[in-house]
Amino acid sequence: MNTRTHILALLAASVLTAGAVGPALQSTTPNGVQRGTEVELKFNGSRLADAQEVLFYEPGVKVLELKEVKDSFVLARVKVEADCPLGEHKIRVRTKSGISDLRTFVVGAYPQVEEKEPNTTFDKAQQIPMNSTVLGTMTNEDVDYYQVTAKKGETIAVEVEGIRLGRTLFDPYIAILDKTGKVLAKADDTALLIQDTFATIQAPTDGEYVIEVRETSYGGQGNPYRIHIGSFPRPSAVFPPGGKAGESLEVKFIGDAGGDIKQTFSLPQPDKFKFGVFAERRGLVAPSFNIVRLSPFANVLEKEPNDDVKQVSVAPGELPLAFNGIIGKSGDVDWFRFNAKKGQTFDINVYARRIRSQLDTVLAVCDADGRTLTSNDDSGGADSKVRFTFPKDGEFAIKITDHLGNGGPDCTYRVELTAVVPEVSTYIADTARYDAQTRKSIVVARGNRFASLQSVRRTDLPGDSGDLEFAMEGFPSGVTMQAAPVPRDQTTWPVVFEARADAPIAGKLANLAVRTTSEAKTPAKGGIWQNYDLVQDGNNGVYYQTWTDKLAVAVVDELPFKISVEPLKAPLVQSGSLDVTILAERKEGFDDPIKVINLYNPPGTGSTPDITIPKGQKSATYTLNANGGAVVKAWKIAFLGSASVSNGTAYASSQLTDLEVAPAFVNGKLAQTNTIVGTPVKFICALDQKTAFAGRAEVKLMGLPAGVTAEPKSITKDDKEIIFDIVTATNAVKGMHRTVFVAMNMKVNGQQISQTFAGGGALRIDPVRQLVAEVKPEAKPAAKPATPGQKPKSKPTSSK
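From a predicted model like this one, the values you see are computed outputs, not experimental measurements. (Residues numbered from 1 in each chain as written. Predicted model: local features only at pLDDT ≥ 70, side-chain atom pairs only at ≥ 80, totals over all residues. Heavy atoms only, no water.)

In this model, the protein chain carries a mean pLDDT of 92, and residues with pLDDT of at least 70 account for 94%. Low pLDDT, under 50, characterises residues 1-20; the stretch is placed with 46 contacts to residues that sit more than four places away or in other chains. Scored below 50 in pLDDT, residues 791-800 shows zero contacts in the model against residues more than four places distant or in partner chains. (pLDDT = per-residue confidence, 0-100. Contact = heavy atoms within 4.5 Å.)

Here's what the structure looks like:
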């Protein structure tokens with residue numbers, strides 16, 4: 001058995017009921033334990049009634065006894081070894097039917113004390129022994145006080161773990177006060193611990209001292225915290241902040257109230273995790289480490305004076321090298337000189353904020369006389385980074401400053417000049433915003449399948465590196481994998497895992513390796529490197545996350561359903577669509593709806609977000625679409641089904657399915673056509689046949705305005721045009737219509753497919769032109785001739 005995995009006792013048969021699916025783990029009680037002790041550890045959550053195993057990612061903790069198992073918790077007696085690594089430990093609970101979320105607890109060095117209310121005022125401070133860890137809870141507008149006794153000159157150090165517990169968004173403030181209430185030291189955020197904080201003083205007199213802790217804005221929603229109070233060392237920095245792997249490194253811890261501390265450590269080989277060293281004095285150890293970088297090359301330490309390039313000697317040895325320094329005061333400038341060869345390309349990385357220094361570095365790469373060749377401020381976050389190719393053999397220099405000219409005795413940094421090395425790794429992306437856990441483990445039911453969409457990171461892989469391939473390492477017995485090589489232009493890829501019907505129900509922390517194929521000219525290999533965002537905020541993103549190089553994998557009891565894909569007989573063509581039939585196999589008595597999602601859409605294709613196989617039904621149709629630029633190639637796709645089983649969500653996937661994306665069968669162009677409402681017209685589409693097809697295909701005009709119709713037509717591979725007969729009603733919508741296109745439907749190998757072409761066709765519909773007849777003025781009757789001797793009538797005059 002893996003030493004990191006410790007089996008809980010199997011539950012009695014009477015407890016094993018229908019089984020929870022998708023167990024949830026919210027927290028542990030307590031949130032930390034002291035190393036070298038045996039304690040009860042309670043795993044709080046839901047759907048835990050069939051718990052079988054606790055998975056510990058780090059060594060040093062093992063389960064001695066399963067004391068109680070309920071749906072909402074698992075209570076175990078655990079042993080924490082005396083040499084158990086201090087700090088964060090990652091855990092999961094595996095049940096007979098699933099794997100829980102990843103959660104964390106802390107292993108500390110000191111005895112733990114529970115907070116006791118009331119301790120919300122200075123005069124009611126809770127008395128605790130020095131060198132204790134208090135487990136507290138912060139409510140709204142709460143302030144907690146703790147009292148210790150110290151002698152004059154004794155160090156009083158305080159460190160609080162709030163956000164680092166991975167539970168809630170808790171931003172602590174602390175203060176050390178004397179017995180009169182005078183503040184001797186206070187701290188909110190720190191460079192070393194980010195939102196968490198620390199303070200350290202030397203007691204000015206014998207007597208009582210009070211430690212105040214609260215949320216920085218007097219908030220609080222039942223936030224848990226751990227506060228370490230004692231005479232232990234709590235340095236703010238270590239120098240040098242890095243060394244050569246496999247060798248001994250003497251370091252100096254800086255920033256502790258009791259003075260600097262020198263210690264020597266044997267450095268291990270590097271991995272992806274942050275490595276740190278713990279300051280120790282008179283048998284007391286710091287609650288958390290200071291980061292030390294591990295590198296396979298030599299260390300160079302700054303030698304003052306080095307404020308000017310001409311003051312600095314050339315570093316011995318050849319690149320790669322690491323330079324270590326301290327910007328010791330405001331305005332300080334550090335120079336280093338070294339030899340390089342023409343054509344060498346190196347990544348020049350400054351580590352300051354990433355090793356918890358307060359510096360905001362600026363890096364300049366210069367020639368031997370100090371003339372800047374290139375520079376950078378924040379390419380590595382708040383740290384500096386450049387990739388530089390040296391133009392000639394000879395001496396070069398680098399200059400380090402702080403962006404704002406700040407400095408101080410704990411403003412450490414490290415500059416690493418490393419060759420460009422290709423790297424690959426894989427991970428599972430979040431399935432939804434603010435959802436950092438769902439489907440980030442592999443849970444395969446006996447006789448069933450589970451599909452995962454793996455994301456691939458490629459760093460500095462050359463263009464000729466070719467495809468990548470996956471390999472299982474340390475998976476449970478009876479599990480196999482279906483995965484095609486990952487093309488070099490793809491960053492996500494579907495992988496299907498399958499468990500034999502008789503596979504043992506078990507779980508492991510495994511690795512999904514990823515590597516270049518044997519044909520690659522530049523080999524590279526990596527594995528899972530997965531983030532878990534434990535504390536998130538809707539507006540500001542991720543506040544605290546943890547990382548792991550293990551993938552939780554389990555074989556679980558069989559499920560009451562399976563899904564599969566009816567084999568595809570036809571391609572998905574460019575500018576086309578294809579219906580995929582998803583089949584459900586149900587056990588007797590299970591008729592719940594099954595939700596199905598398509599995990600992977602090849603480039604240029606798309607699909608609906610999900611479909612549902614209705615209650616009691618055995619199939620449903622998933623429609624895939626391709627645009628005109630879809631990449632023509634044979635692809636692999638997979639569908640994942642989920643259903644409610646025993647009050648949880650269970651997953652089962654289809655097989656890895658072949659999907660051919662093919663060129664369009666035909667393109668076309670619709671000639672602009674004009675007509676008058678109520679008048680029929682011919683609408684002609686010129687065809688550009690691309691791929692021969694058998695038989696006849698039905699074609700329809702689509703996008704016609706209201707009041708306009710056209711009977712479908714059919715074409716063969718030999719036709720050069722289509723003539724549609726357009727009928728316009730008298731009430732047809734008038735105007736220019738540019739939404740007309742042609743839809744083609746046909747069967748290929750007995751499967752229906754569709755394609756569109758000739759988009760943007762224009763049809764103009766005018767109103768009926770009214771013909772108006774010319775109207776002549778009416779002729780006036782001729783005046784009668786006057787009778788002889790009769791005077792003509794005079795025109796009346798107007799009166800005023």
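From this point, the discussion proceeds with the structure in view.
Judged by how many residues are buried, strand 5 (residues 51-56) sits mostly within the fold: six of six residues are covered. Where strand 5 lies against strand 8 (residues 87-95), five bridges are found, and the strand directions are antiparallel. Pairing of Ala 51 across the sheet is with Thr 95, part of strand 8. (Buried < 20%, exposed > 50% of the residue type's maximum accessible area, 1.4 Å probe, protein only. Helix = DSSP H or I, 4+ residues; strand = E, 2+ residues; numbered from the N terminus. Pairing = 2+ DSSP bridges.)

With that out of the way, let us pick up the nonpolar core. Counting residues in each nonpolar core, the largest one holds 110 residues, and the members touching the most others are Phe 561, Ile 582 and Phe 757. Of all the elements, strand 49 (residues 551-556) adds the most residues to this core, at six residues. In this structure Phe 561 touches Asn 448, Glu 585, Phe 590, Ile 594, Gly 641, Ser 642, Ala 643, Val 645, Ala 650, Tyr 651 and Ala 652, once residues within four positions along its chain are discounted. (Core = buried A, V, L, I, M, F, W, Y, C linked by side-chain atoms within 4.5 Å.)

This brings us to the sheet that holds strand 59 (residues 648-653). Overall, antiparallel pairing links the four strands, which are arranged 55-53-58-59 in an open sheet. Looking at which strands have only one partner, the edges of the open sheet turn out to be strand 55 (611-613) and strand 59. Averaged over all adjacent pairs, the angle separating strand axes in this sheet is 30°, with direction ignored. Of the strand pairs in this sheet, strand 58 (residues 639-645) and strand 59 are connected by six bridges, and their pairing is antiparallel. Pairing of Leu 640 across the sheet is with Ser 653, part of strand 59. (Axes fitted to C-alpha atoms, helices over the stretch in contact; angles between N-to-C directions.)

A full pass over the atoms with the stated rule returns 23 aromatic pairs. Ring geometry for Phe 450 versus Tyr 651: centroids 6.3 Å apart, planes at 90°, classification edge-to-face. In this pair, Phe 450 sits in strand 41 (residues 449-459) while Tyr 651 sits in strand 59, placing the two residues 201 residues apart along the sequence. By relative accessible area, which is 24% here, Tyr 651 ends up partly exposed. Ring geometry for Trp 493 and Tyr 600: centres 5.4 Å apart, planes at 70°, overall edge-to-face. Note that Trp 493 is positioned in strand 44 (residues 492-499) and Tyr 600 in the loop between strand 53 (594-598) and strand 54 (605-607), a separation of 107 residues in sequence. Considered together, Trp 493 and Tyr 600 belong to a single accessibility category, that of buried residues. Clustering of aromatic rings is evident, with ring pairs tying together Phe 323, Phe 336, Phe 338, Phe 346, Phe 388, Phe 390, Phe 396 and Tyr 413. Directly above the ring of Tyr 532 sits Lys 440, whose terminal nitrogen or CZ lies 5.4 Å from the centroid. (Phe/Tyr/Trp six-rings, centres within 6.5 Å; stacked < 30°, edge-to-face > 60°. Lys NZ or Arg CZ within 6 Å of the ring centre and 35° of its normal.)

Considering all chains together, one arrives at 34 salt bridges under this definition. Here Glu 58 and Lys 90 are joined by a salt bridge, their closest N and O atoms 2.7 Å apart. Highlighted residues: Glu 58 in the loop between strand 5 and strand 6 (61-69) and Lys 90 in strand 8, separated in sequence by 32 residues. Exposure remark for Lys 90: the relative accessible area of 5% places this residue in the buried category. A salt bridge links Lys 440 to Asp 430, with the shortest nitrogen-to-oxygen separation between them at 2.5 Å. Taken together, the residues Lys 440 in the loop between strand 39 (423-427) and strand 40 (442-445) and Asp 430 in the loop between strand 39 and strand 40 connect sequence positions 10 residues apart. Each of Glu 159, Arg 164, Asp 196 and Arg 234 takes part in one network of salt bridges that share partners. (Salt bridge = Lys/Arg side-chain N within 4 Å of Asp/Glu carboxyl O.)

Now for unusual backbone geometry. If a residue is not glycine, its phi is most likely negative; likewise, a peptide bond is most likely trans. Cis peptide bonds are those with omega within 30 degrees of zero, and the linkage from Thr 29 to Pro 30 qualifies with -5°. For Pro 30, the location among the structural elements is in the loop between strand 2 (24-29) and strand 3 (32-34). Cis peptide bonds are those with omega within 30 degrees of zero, and the linkage from Phe 239 to Pro 240 qualifies with -5°. With respect to the helices and strands, the residue Pro 240 is situated in the loop between strand 21 (237-239) and strand 22 (242-244). Residues other than glycine seldom take positive phi values, yet Asn 131 does so here, at roughly 60°. Within the fold, Asn 131 resides in the loop between strand 12 (126-127) and strand 13 (132-138). Phi angles above zero are rare outside glycine, and Asp 460 is one such case at about 60°. Residue placement: Asp 460 occurs in the loop between strand 41 and strand 42 (468-473).

Mapped onto the fold, Asp 334 is located in strand 32 (residues 334-340). Lys 329 is the oppositely charged side chain nearest to the buried, salt-bridge-free Asp 334, at an N-O distance of 7.5 Å. Within the local environment of Asp 334, its side chain forms a polar contact with the side chain of Tyr 413, the two groups lying 2.6 Å apart. Setting aside anything within four residues of it in sequence, one finds Asp 334 in contact with Glu 302, Glu 304, Asn 306, Asp 307, Gly 325, Ile 326, Ile 327, Ile 398, Lys 399, Ile 400 and Tyr 413. (Lys, Arg positive; Asp, Glu negative; His and termini not counted. Polar contact = N/O pair within 3.5 Å; in protein donor to acceptor, adjacent residues only side chain to side chain.)

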